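The primary structure of each chain is shown beneath.
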Amino acid sequence: MFLRAQRESVLAILDGLGDEALTTPVLPSGWTPLGMVEHLGHAERHWFQEVVTGTADPLAWRDEPGLLVTPRRPEAVFAFYREQCRRSDEIFAATPLSAPPRGRHPGPLADEIADLRGVVLHVIEETARHAGHLDVVRELIDGRTGLGPR
């Protein structure tokens, strides 16, 4: 329920923005709102498919590290995010919370993630953090605040 609410917040915060607003960096870090959605899609894929199940289907596109090979249309990025969330939900529904991961995260957080419960908590945290970033960006773009299902 909490993960679903955070995912819905991400989508609600960006609802109604046009292509230019979605693809223009607003903050000094240089990321775009659309890039953040893509990042969250990759996070869902990584944590639920690569870490929990130990496998993931190949991506529909190939990126070079740090480079966007082909700019993607907002529709494609939002579809990618929704599909990754759907697949995560399937894995979550079919896996006991106490199940240890079959894959491994390549970083220090790997030692802290002992089961699906840890993965879910981390993805809630990650999604909520970035929903907050998107809240700020939306306010800077058009002054809208308080967007989301809660």
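The chain is annotated in an unreviewed UniProt entry as Mini-circle protein from Amycolatopsis vastitatis.

Across its full length, the chain carries five helices and zero strands. Reading the secondary structure of the chain in the N-to-C direction produces α-α-α-α-α. Here the C-alpha atoms of the chain give a radius of gyration of 16 Å, agreeing with the 15 Å that 2.2 N^0.38 yields for 150 residues. The burial tally for the chain puts 39% of its 150 residues in the buried class. For the chain, contacts bridging at least 24 residues in sequence account for 72% of all contacts bridging at least 6. As displayed, the chain has an accessible area near 8500 Å², and 56% of this comes from carbon and sulfur atoms. Within the chain, one finds 16 positive and 22 negative side-chain charges whose respective centroids are separated by 4 Å.

A contiguous nonpolar patch, built from Val 26, Val 136, Leu 140 and Ile 141 and spanning about 300 Å² of accessible area, is present on the exposed surface. Since its relative accessible area comes to 53%, Leu 140 is described here as exposed.

Attention shifts here to helix α1 (residues 2–14). Across its 13 residues, α1 extends 19 Å between first and last C-alpha, which sits within 8% of the 18 Å expected from 1.5 Å per residue. For α1, the complete set of buried residues consists of Leu 3, Ala 5, Gln 6, Arg 7, Ser 9, Val 10, Ile 13 and Leu 14. On its buried face, α1 is in contact with α2 (19–22), α3 (33–53), α4 (74–94) and α5 (116–142). Of the residues trailing α1, Gly 16 is marked for its positive phi of about 90°.

With 17 residues, the main nonpolar core has Val 10, Leu 14 and Val 37 as its most contacted residues. When residues of this core are traced back to their parent elements, those giving at least two are α1, α2, α3, α4 and α5. Counting 12 residues, the second largest nonpolar core, distinct from the first, contains Ala 43, Val 51, Ile 91 and Ile 113.

Quick look at the packing of α3 against α4 now. The N-to-C vectors of α3 and α4 enclose an angle of 25°; their axes lie 9 Å apart at closest approach. The pairing of α3 with α4 is recorded here as roughly parallel in orientation. Read as a crossing pair, α3 and α4 show a hand that is left-handed. Where α3 approaches α4, its residues Leu 34, Val 37, Glu 38, Leu 40, Gly 41, His 42, Glu 44, Arg 45, Phe 48, Gln 49, Val 52 and Thr 53 are matched on the opposing element by Pro 74, Val 77, Phe 78, Phe 80, Tyr 81, Gln 84, Cys 85, Arg 87, Ser 88, Ile 91 and Phe 92. Here the residues of the contact of α3 with α4 sort into 13 nonpolar, six polar and four charged.

In this section: the side chain of His 122. Counting through the fold element by element, His 122 comes out in helix α5. Non-local contacts of His 122, meaning those with residues more than four positions away in its chain, are made with Trp 47, Leu 109 and Ile 113.

This paragraph deals with the pattern of salt bridges. In the structure shown here, the tally under the stated rule is 14 salt bridges. For Glu 75, the salt bridge identified is with Arg 73, shortest N-O distance 3.6 Å. The residue Arg 129 makes a salt bridge to Glu 126 at a minimum N-O spacing of 3.3 Å. One end of the pair is Arg 129 and the other is Glu 126, both in helix α5 and three residues apart, which spans about a single turn. You can call Arg 129 partly exposed: its relative accessible area is 38%. Glu 126 gets classed as buried once you look at its relative accessible area, which sits at 12%. Where salt bridges share partners, they join Arg 7, Glu 44 and Asp 89 into one cluster.

Calculation rules
- Residues numbered from 1 in each chain as written.
- Predicted model: local features only at pLDDT ≥ 70, side-chain atom pairs only at ≥ 80, totals over all residues.
- Heavy atoms only, no water.
- Helix = DSSP H or I, 4+ residues; strand = E, 2+ residues; numbered from the N terminus.
- Rg over C-alpha atoms; globule rule 2.2 N^0.38 Å.
- Buried < 20%, exposed > 50% of the residue type's maximum accessible area, 1.4 Å probe, protein only.
- Contact = heavy atoms within 4.5 Å.
- Areas by Shrake-Rupley, 256 points an atom, 1.4 Å probe, with all protein chains shown as cover.
- Lys, Arg positive; Asp, Glu negative; His and termini not counted.
- Charge placed at Lys NZ, Arg CZ, Asp CG, Glu CD.
- Patch = residues over 30% accessible without salt bridge, like charges linked within 9 Å, V, L, I, M, F, W, Y side chains within 5 Å.
- Salt bridge = Lys/Arg side-chain N within 4 Å of Asp/Glu carboxyl O.
- Expected span 1.5 Å × (residues − 1).
- Core = buried A, V, L, I, M, F, W, Y, C linked by side-chain atoms within 4.5 Å.
- Axes fitted to C-alpha atoms, helices over the stretch in contact; angles between N-to-C directions.
- Parallel < 35°, antiparallel > 145°, perpendicular 65-115°, else oblique.
- Left-handed = near helix turned anticlockwise from the far one by under 90°.
- Nonpolar A, V, L, I, M, F, W, Y, C, P; charged D, E, K, R; others polar.

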